[in-house]
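An overview of the molecular structure
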Amino acid sequence: MDYFAQQLINGIVLGSIYGLIAIGYTMVYGIVGMINFAHGDVFMIGGFIALISFLILVSLGLTFVPVILLIVLLVSMAITALYGWTVERIAYRPLRHSFRLAPMLSAIGMSFVLMNYSQVAQGARVKPVPPIITGGYTLYEADGFVVRLSNIQIIVVITTVVLLAIFTWLVAKTRLGRDMRACEQDQTMAALLGVDVDRTISMTFVIGAALASVAGMMYLLYYGLVDFFMGFVAGIKAFTAAVLGGIGSLPGAMLGGLLIGLIETLWSAYFSVEYKDVAAFSILIIVLIFLPTGLLGRPEVEKV
Amino acid sequence: MTTPLLAIRGLRAAYGKIEALKGVDLDIAQGEIVALIGANGAGKSTLMMTIFGKPRAKAGRIAFDGQDITEVPTHHIARLRIAQSPEGRRIFPRMSVAENLQMGADATETSEADRAAGLERVLTLFPRLKERLTQRGGTLSGGEQQMLAIGRALMSRPRLLLLDEPSLGLAPLIARQIFEAIRTLNKQDGLTVLIVEQNANHALRLAHRGYVMVNGLITLSGSGAELLQRPEVRAAYLEGGRGA
C-alpha cells in the first residue's frame, strides 16, 4: 500500500507534465484540424530556455530561489510562445488552404528543424543541472518503507493546477476564449462576426507553446536534465494522452495526461520498466477500440 | 436620390471555375427593406457572402455608405456594422444561446449598457430565446436556431442587416412573427434590411423594393407591389424549385 501510494504520487507528477503538453496538441487540433508534430519539440525548447535563463540569473548573482524560478518561468513562457507563434506563421499558415496533409507534413519537418537546431546550438549531450529545489515531506513511514512527497513534486502539481485554472477561465470566460471556440466551431461564421481568424489561430499556438514551456521547465527541475531529443518521446506521449482523452477536448487532454502518467509509473513499479511505453500505448489502443473518440471526446454529429 | 447605403456595381464572383455572380447591380437606400428573390442556385446567398468577401469579388465594386469595401478583410466588415444571418443559420452548436448572442455583440464596439439594452431588445423580440439562454445552440429546434441567428445579427446594432431565408424551416405562424419583427425594426429604428427569400410572396409584401435574380444576374427590379403583379415573377415564384 505504501509502495502504491508513492507510485501514485510519482504518476500524478509525471501526468501533470504530460497534461500540460497535451493541451497544446488538443487545442491546435480543435481549431485548425491538424496534429502539430513540432509541439513536443516546442516543449524541449522550453526546457532549454528555462535552463539558459536559469544559468544567466545565477551568474548574475541572484540567489533567492523563488524569485529565480518566477523569472525563469516568465522568461521561458514568453520566448517559447514566440517560437510557437513563429512556427505557425512560417510553417503552417502559408499551407492553410493547401491539401489537408500539407500542414501535417510541414509539422513533421518543423519538428526535425527544431530538434537539429537545438542539437547544433546546444550540443548533443544531455545537459544536467544540480538539484535546485530540494527537501520534502515524509508522509508515512513503516517497516523501513517511506512515502515521500518532495517539494519539487508539490511545485509541479500546484503550478499545473494554477495554470489549468487560469487557462480554463480564459477559454470559458474571456473574449479571446470565446473567439477561439467560435473559430473551432465555424471559422466562416466567426469571421462574419468580426473575429480575426488568423490572429485567433496564432494566439492558440502562443498559449499552447507557453503551457508546453512550463512543462519543459518542470521537466528540467524534476529530472534535472534536458537534451535535444527529449521532445520526441514526451511529445508522442502527450499526443497519446490527447487522443486518449479525446482529441479536441481540453479536460480530456488533462485527464489523458494524468492517465498516461499513472499507467507508465504503475507499470514500471509493478512489472518492468522496459515495457512501460508498450503499456501506455496498448491502453490507448484498447480504449480507442471501444471509444473511438477517446474518453471525453464527442462524436462528430451535428445538427444541420 | 441620395447616395445609397449599399451600392453594388458589376459584381462578379466565382467558386473555383463556377461563376455564381455574373455582373450584379443592386442598391439599397438608408431605411429601406429590399427583397432579393430567385430560385435555388440563382446566386442570392453568394451575393450576401460576397458582400463579406467570402468569396472575394472577381470584378466589380461594393460600396457601403460611400466607402469602397470590395477588398476589406471579412472580419472588418462586421465592424462597419453590417450583420448577416447567413444561409444555414450557422449557430455555434457548442456555445450557449447567451454566448451566441454575445458573439454578435462582440462584433462591434459597444458599451456594457448598450449590450444589455441590445440583449433586452432581442429577448423581447424572441421570448423563446429567453427560456433557452443557458442551453447549447446545437440543441435548439430549427425555428429557435433561426431566431438565434437573427438575434445574434441584431446584437451588433447593425446599420445594414442581411437576412438569408429567415423563414426557412419555420412554422407559418413563427415565420409571420419574424417578418413582423423585421417590419417593426425597420419602422421604429430605421433599420436597413436586405432579405433573401424563396418565399417571394411574403418577402415582396414586406419589402419596399425587390430584385429578381436568375443565374447570377438581376433580371427584374421594382417596388414590392409592382413585382408581385409581374407574370414572370408569379411564374418564377411558383416554379421556383426548378430554376427559372
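The structure presented is a predicted model; accordingly, all values stated were derived computationally and were not measured. Counting from 1, residues in each chain are numbered in the order their sequence is written. Following the order in which they are written, the chains are lettered starting with A and the ligands numbered starting with 1. Given that the model is predicted, a residue must reach a pLDDT of at least 70 before its local features are reported, and side-chain atom pairs must reach 80 or more before they are shown or counted; all residues, however, enter totals for whole chains, interfaces and linings.

**Some thoughts on the domain arrangement of chain B**
All names here are of chain B. In plain terms, the rule: Where each domain begins and ends is defined by an automated method or by a domain database. Contact between two residues is assigned whenever their backbone-derived C-beta positions fall within 7 Å. Strands are runs of DSSP state E lasting at least 2 residues, helices are runs of H or I lasting at least 4, and numbering of each runs from the N terminus. Amino acids are sorted into nonpolar (Ala, Val, Leu, Ile, Met, Phe, Trp, Tyr, Cys and Pro), charged (Asp, Glu, Lys and Arg) and polar (every other residue, Gly among them).
The domains assigned to chain B are domain 1 (6-81 + 159-242) and domain 2 (92-157). Taking the mean C-alpha position of each, domain 1 and domain 2 sit 23 Å from one another. In this assembly, 12 residues from domain 1 lie in contact with 10 residues from domain 2. Secondary-structure elements contributing two or more residues to the side of domain 1 that touches domain 2 are β7 (160-164) and α7 (172-189). Grouping the constituent residues of the side of domain 1 that touches domain 2 by class yields nine nonpolar, one polar and two charged.

**Description of the packing of helix α2 (residues 39-59) of chain A against helix α9 (residues 230-245) of chain A**
Residue and element names in this part refer to chain A. We apply this condition: For every element, the axis is a line fit to its C-alpha atoms; helices are fit only across the contacting stretch, and the angle between N-to-C directions ranges from 0 to 180 degrees. What sets the label is the angle itself: under 35 degrees gives roughly parallel, over 145 gives roughly antiparallel, 65 to 115 gives roughly perpendicular, and the rest give oblique. Handedness of a crossing is defined here by the sense of rotation of the near helix relative to the far one, left-handed for an anticlockwise turn of less than a right angle and right-handed for a clockwise turn.
Viewed as axis vectors pointing N to C, α2 and α9 meet at an angle of 130 degrees, and their least axial separation amounts to 7 Å. Classed by the angle they form, the pair α2 and α9 counts as oblique. Between α2 and α9 lies a crossing whose hand is right-handed. Within the contact between the two elements, α2 uses His39, Gly40, Asp41, Phe43, Met44 and Gly47 and α9 uses Met230, Gly231, Phe232, Ala234, Gly235, Ile236 and Ala238. Broken down by class, the residue content of the contact of α2 with α9 amounts to seven nonpolar, five polar and one charged.

**Details of helix α10 (residues 250-270) of chain A**
Counted only if it meets this: In this analysis, the expected span of each helix is defined as 1.5 Å times one less than the number of residues it contains. Residues are called buried when their C-beta atom has 20 or more other C-beta atoms within 10 Å, exposed when it has 12 or fewer, and partly exposed otherwise; all C-beta atoms are positioned from the backbone.
Taking 1.5 Å of rise per residue, 21 residues should cover 30 Å, and α10 of chain A covers 30 Å from first to last C-alpha, within 8% of that figure. Summarising burial for α10 of chain A: 15 of the 21 residues are buried, a large majority.

**Things to note about the UniProt feature "transmembrane region" (unreviewed entry) in chain A**
Residue and element names in this part refer to chain A. Just so we agree on the cut-off: UniProt positions are given in the numbering used here, feature names are shortened, and annotations may be inferred rather than shown by experiment.
In the UniProt entry, the feature "transmembrane region" (unreviewed entry) is given for residues 12-35, 42-62, 68-87, 99-118, 152-172, 201-222 and 279-297. Within the segment residues 68-87, helix and strand shares are 100% and 0% respectively, and the terminal C-alpha atoms sit 28 Å apart. Strand forms 0% of residues 99-118 and helix 85%; the C-alpha atoms that close the span are 30 Å apart.

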